[in-house]
Structures are given as structure tokens and as C-alpha cells.
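Examination of the molecular architecture
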Amino acid sequence: MDIFSLFFLAAALAMDAFSVAVTDGMLVNDIRVTDALKTGFFFGAFQFIMPCIGNFISGFAAGYIESADHWIAFALLAFLGIRMIKESRSVREIPSSPLKTSTLLLMAVATSIDALAAGVTLAAVDSPILMSSAVIGITAFLFSFCGIFLGRRFGGFLGSGAETAGGIILILIGLKTLAEHLFCI
């Protein structure tokens, strides 16, 4: 995967975490920098770890998926993109204390499931996993860190729109991957 696509993938995967961080920022009256750092750390760490796990899991099946890797990448990214768009349209129950460590842990795991599947995709397109995971994790950290403050400042303007944009970006990256393999672009 080229670096341009990797940055778009990282941004798309970070949209879930960003949406949650914006929501958290809307709910907490007194946001401190330490709250934003803690939120960014949780989301960034899981967005880094999950692609590594997905990549590791795919290593067992590499021989089986080599001939269809572009279709697998497209299917996974399209599935994730569609799911993100659907989730952006649904009403979610928000925990009463969104910055508690236990709550942040659960939210970080929930928002990084897409990154697990992206790790499988990254293996299918033979992308270096540590660099890719680092870009994804750092992007999630930055988006979440900023999302807390944006949520506090601007309220509900960004939440579901960010997740919809992330879903669209995932679908477009999947289409690009498929087109590159089918048409040898």
C-alpha cells in the first residue's frame, strides 16, 4: 500500500475514535489536557495493536489468500466502510462517565475492531505492518486528542459526519486496491 493510501486508511480508521472523543468532549464539562492525552493514548494504542494482531492472524492463512488478496482487501474495506456509515446513522447509548479508565478501555477496543480487520488487509496487500500500525496508532492518537477539545468547543457538529466520512474513505481505498490489481495500475 502506498503512503498516500496508508494515511487515508489511518484517517478513516481514526474516525470512530474521533467520533467517540468528540462525544466525550461534549459530555464532560471540565476537559483537561491530561484527559485528552489519556483518551488519545487509549485509542492510539489499540489502533496500533489491533492491525498487528490482524496481520499476525493472517500469516497463518497467507498461502490460501494470495491469489485473491485484492478481492479480500476490497471486501474487508467495503464491509468496514459500509458498517461505519450505518453506525454513524444509529443512535448510541453513551456511558455516564466517558473518561473513566474502564470506559475508555471498552471504547478503545470497540473502535479498534476495524483496525484488526485492516491488519488482515494490510497483510493481503503486503504492507509493512509496524510502520503501517504506527501511522494508524499515531493518527488515532492525534484525532482523539483533538476530538476531545473539538467536542467541548463545537458540540454536536462533527460526530456522525466524521464517521460517515471515514466509511466513505474505506470504501474508496478498497475500490482503489481492487482497481490496481484488476487493471495493473
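Rules behind the numbers
- Residues numbered from 1 in each chain as written.
- Predicted model: local features only at pLDDT ≥ 70, side-chain atom pairs only at ≥ 80, totals over all residues.
- Heavy atoms only, no water.
- Helix = DSSP H or I, 4+ residues; strand = E, 2+ residues; numbered from the N terminus.
- Buried < 20%, exposed > 50% of the residue type's maximum accessible area, 1.4 Å probe, protein only.
- Contact = heavy atoms within 4.5 Å.
- Areas by Shrake-Rupley, 256 points an atom, 1.4 Å probe, with all protein chains shown as cover.
- Salt bridge = Lys/Arg side-chain N within 4 Å of Asp/Glu carboxyl O.
- Axes fitted to C-alpha atoms, helices over the stretch in contact; angles between N-to-C directions.
- Parallel < 35°, antiparallel > 145°, perpendicular 65-115°, else oblique.
- Phe/Tyr/Trp six-rings, centres within 6.5 Å; stacked < 30°, edge-to-face > 60°.
- Left-handed = near helix turned anticlockwise from the far one by under 90°.
- Nonpolar A, V, L, I, M, F, W, Y, C, P; charged D, E, K, R; others polar.

**Here we look at the overall build of the protein**
- Regarding its fold elements, the protein presents seven helices and zero strands.
- Element order for the protein, N to C, with α for helix and β for strand: α-α-α-α-α-α-α.
- By residue count, 47% of the 185 residues in the protein fall in the buried class.
- Sequence-distant contacts in the protein: of pairs separated by 6 or more residues, those separated by 24 or more amount to 94%.
- Approximately 9200 Å² of the protein is accessible, and the part contributed by carbon and sulfur atoms is 72%.

**Some words on the pattern of salt bridges**
- The full count for this structure, using the stated rule, is two salt bridges.
- With its nearest N and O atoms 3.1 Å apart, the salt bridge here joins Arg 32 to Asp 35.
- The buried category is assigned to Asp 35, whose relative accessible area is 10%.

**With respect to unusual backbone geometry**
- Of note, the phi angle at Asp 126 is positive, near 60°, even though the residue is not glycine.
- One can find Asp 126 in the loop between helix 5 (101-124) and helix 6 (129-154).

**Structural notes on the packing of helix 1 (residues 3-27) against helix 5**
- At their nearest, the axes of helix 1 and helix 5 sit 10 Å apart, and the two run at 170° to each other. The pairing of helix 1 with helix 5 is recorded here as roughly antiparallel in orientation. Mapping the contact onto sequence places Leu 9, Leu 13, Asp 16, Ala 17, Val 20 and Asp 24 in helix 1 and Leu 104, Met 107, Thr 111, Asp 114, Ala 115, Ala 118 and Leu 122 in helix 5.

**Brief notes about the packing of aromatic side chains**
- The full count for this structure, using the stated rule, is five aromatic pairs.
- Centroid distance Phe 18 to Phe 143: 6.0 Å. Interplanar angle 75°. Geometry classified as edge-to-face. With Phe 18 in helix 1 and Phe 143 in helix 6, the pair connects residues that are 125 residues apart, well separated along the chain.
- Taken together, the ring pairs connect Phe 141, Phe 145 and Phe 149 into an aromatic cluster.

**Section: the environment of Ala 140**
- Among the secondary structure elements, Ala 140 is positioned in helix 6.
- Separated by 128 residues in sequence, Ala 140 and Ala 12 place their C-alpha atoms 9.4 Å apart.
- Excluding anything up to four places from it in sequence, Ala 140 contacts Ala 14, Phe 43, Gly 44 and Gln 47.

**Some details on the environment of Asp 126**
- Note on Asp 126: relative accessible area 69%, which makes it exposed.
- Put simply, Asp 126 and Asn 55 are 71 residues apart on the chain and 9.7 Å apart in space, counted from C-alpha to C-alpha.

**Examining the packing of helix 1 against helix 6**
- Helix 6 packs onto helix 1 with a crossing angle of 30° between their chain directions and a minimal axis gap of 7 Å. Between helix 1 and helix 6, the angle falls in the class roughly parallel. Crossing handedness for the pair helix 1 and helix 6: right-handed.
- Of the residues assigned to the contact of helix 1 with helix 6, the class counts are 21 nonpolar, six polar and two charged.

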